[in-house]
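These are the residues of each chain, in order.
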Amino acid sequence: MEAIWLYQFRLIVIGDSTVGKSCLIRRFTEGRFAQVSDPTVGVDFFSRLVEIEPGKRIKLQIWDTAGQERFRSITRAYYRNSVGGLLLFDITNRRSFQNVHEWLEETKVHVQPYQIVFVLVGHKCDLDTQRQVTRHEAEKLAAAYGMKYIETSARDAINVEKAFTDLTRDIYELVKRGDISIQEGWEGVKSGFVPNVVHSSEEVVKSDRRCLC
Amino acid sequence: MVWAGDEYFRMKLQWKSVSEEQERRNSLLRGYRSLIERDVSRTDRSNKFYQGSENPALVLLHDVLMTYCVYNFDLGYVQGMSDLLSPILYVTQNEVDAFWCFAGFMELVHHNFEESQESMKRQLAQLALLLRVLDPPLCDFLDSKESGSLCFCFRWLLIWFKREFAFEDVLQLWEVLWTGLPCPSFHLLVACGILDSEREALMNSGFGFSEILKHINELTMKMNVEETLSRAEALYRQLAASPELPRNVQELLGLGGPAGGSPPATPPPPHSAGPAPELELMGSVSPPQPDSSIEILPPEEPPTARSPPP
């Protein structure tokens, strides 16, 4: 029987090929690190519960996407139903950092006029000696786009929990404040079954988020 | 076959002789090279043939993929190709043979890797067409879960089930598919066979869109290839014996219509769709006919996403 959760958030993980998207998700959902993982083609799906406050659980549905540009026409179909996202680059690969802007543009175009709450993730921080992107410049870029920045390592399990949990908390706050509302026909946020706790934003708003379609 | 080797090494020399200086000004080649390097290091590494960091087979995998880039530079390297080459190299154990076999295989599937993904969309539509004929209740169920586009079968079709079966089983499966027997597009019937064997699990599950994709992805390495092939062949026989098969299904499977004079069952998938009545689902078989009714992606997708940017 499935544990009770307050909300379900759908997250998407994007970024260049080989920045470590699948490994980060596997570490988070399965608690293990695979030395070798097949290149993702298409889209994979994972889920996990996180407890943001004692007794308050959020179910995360996490979409893992292929990084190569060639698969964009398939992967971008998943952007629209995501409320949050982790945008990864590899701190040892400058190019993947330079492409962050492009990834943001790419998603923006496909979810307009709505937004995905992104966190910028500098991955593979265990490889500090090979670092090509300083923490300072990454923080600056993140700030310029209104994102938080965090450095993670799937191999050494550094900040993996924190990256997902912090993002989940931020989204939770936005939902609680009503800045993000549950909409019929949109899968980004769904309400669970929790008696005695009713937030105003839990009522289904029909003002259509799908207006673009 | 001296010439095949000559031709191969001539092309290999082309990328081998690109200096660092030159490559700095060739971002496309640089991108392909770096992606190939990284994918080679994570393709079938648990297979004995590719184990260990100093394994010479890794160099061959890399070199053949790089040479294929030069051979077909418009296509270049796309993720998934290393999956297609790996079993071929394992069987041939020879660089030149592996290259030409791979190039031959790519003749069949290179459309899968094109930027527009039109071929993938078309095949998913064709799969939906077959499934609609074979199992309407399952189709209705998937439709009701916004999964009627069958996008969860993307990986199956892209790399011909390479990730779904054990390595040895993939060899067997591909050999069958390469024969073009019992019909063209048999890989779609293999997909139907797998869906058929999972129909109860799917329909009795209460799964939504995400869970269906997860369930399908998790079938990997759990399926029996013999059983899957038998099932697919049984579906073919069932369709071939069916008296009222929609015209577009007949064409897809190379079945001559019973009502006289239809084209014989020649291997490559037909390139023209006849004007005969078709099932309303319309997996159009003809190339890039824009068809707004082909729903291959999650239906939530906005229309803008369906056509790639210019």
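Residues numbered from 1 in each chain as written. Chains lettered and ligands numbered in written order. Predicted model: local features only at pLDDT ≥ 70, side-chain atom pairs only at ≥ 80, totals over all residues. Heavy atoms only, no water.

As annotated in an unreviewed UniProt entry, chain B carries the name TBC1 domain family member 15 and is attributed to Mauremys mutica. As its UniProt record puts it under Subcellular location (unreviewed entry), chain B is described as follows: "Cytoplasm". One UniProt comment on chain B, placed under Function (unreviewed entry), says "Acts as a GTPase activating protein for RAB7A. Does not act on RAB4, RAB5 or RAB6." (UniProt positions renumbered as here; feature names shortened; annotations may be inferred.)

Named according to an unreviewed UniProt entry, chain A is Ras-related protein Rab-39B originating from Mauremys mutica. Under Sequence similarities (unreviewed entry), UniProt gives the following word-for-word description of chain A: "Belongs to the small GTPase superfamily. Rab family."

**Details of helix H5 (residues 81-92) of chain B**
What sets the pattern is the α-helix's 3.6 residues per turn: residues three or four places apart point alike. Residue and element names in this part refer to chain B. Across its 12 residues, H5 extends 17 Å between first and last C-alpha, which sits within 8% of the 16 Å expected from 1.5 Å per residue. In terms of burial, H5 is a largely internal element, 9 of the 12 residues being buried. Turning to H5, its buried residues are Met81, Ser82, Asp83, Leu84, Leu85, Ser86, Pro87, Ile88 and Leu89. Contacts from the buried residues of H5 go to helix H3 (27-40), helix H4 (56-71), helix H6 (95-109) and helix H10 (167-179). Of the residues trailing H5, glutamine 93 is marked for its positive phi of about 50°. (Helix = DSSP H or I, 4+ residues; strand = E, 2+ residues; numbered from the N terminus. Expected span 1.5 Å × (residues − 1). Buried < 20%, exposed > 50% of the residue type's maximum accessible area, 1.4 Å probe, protein only. Contact = heavy atoms within 4.5 Å.)

**Thoughts on the confidence of the model for chain B**
Residue and element names in this part refer to chain B. Per-residue confidence for chain B averages 86 on the pLDDT scale, and 82% of its residues sit at or above 70. Under a pLDDT of 50 for its full length, residues 259-276 has, in the predicted model, 21 contacts with residues more than four places off or in other chains. Segment residues 281-310 is flagged for pLDDT under 50; beyond a separation of four residues in sequence, or across chains, it makes 64 contacts in the model. Scoring the predicted complex yields pTM 0.84 and, for the interface, ipTM 0.84. (pLDDT = per-residue confidence, 0-100.)

**Some words on the interface of chain A and chain B**
Contact residues are listed per partner, giving 33 residues for chain A and 42 residues for chain B. Sorting the residues of chain A by area buried against chain B places A:Pro39, A:Val41 and A:Arg70 first, and these three jointly supply 22% of that buried surface. On inspection of chain A and its partner chain B, the count reaches 2 salt bridges. The partner of B:Arg163 in a salt bridge is A:Asp38, and the shortest N-O contact between them spans 4.0 Å. Taken together, the links from chain A to chain B amount to 13 residue pairs in polar contact (both at pLDDT 80 or more). Going through the elements one at a time, strand E2 (43-53), strand E3 (56-65) and helix H2 (72-75) of chain A are the ones with two or more residues in the side of chain A that touches chain B. (Buried area = accessible area lost by both parts, 1.4 Å probe. Salt bridge = Lys/Arg side-chain N within 4 Å of Asp/Glu carboxyl O. Polar contact = N/O pair within 3.5 Å; in protein donor to acceptor, adjacent residues only side chain to side chain.)

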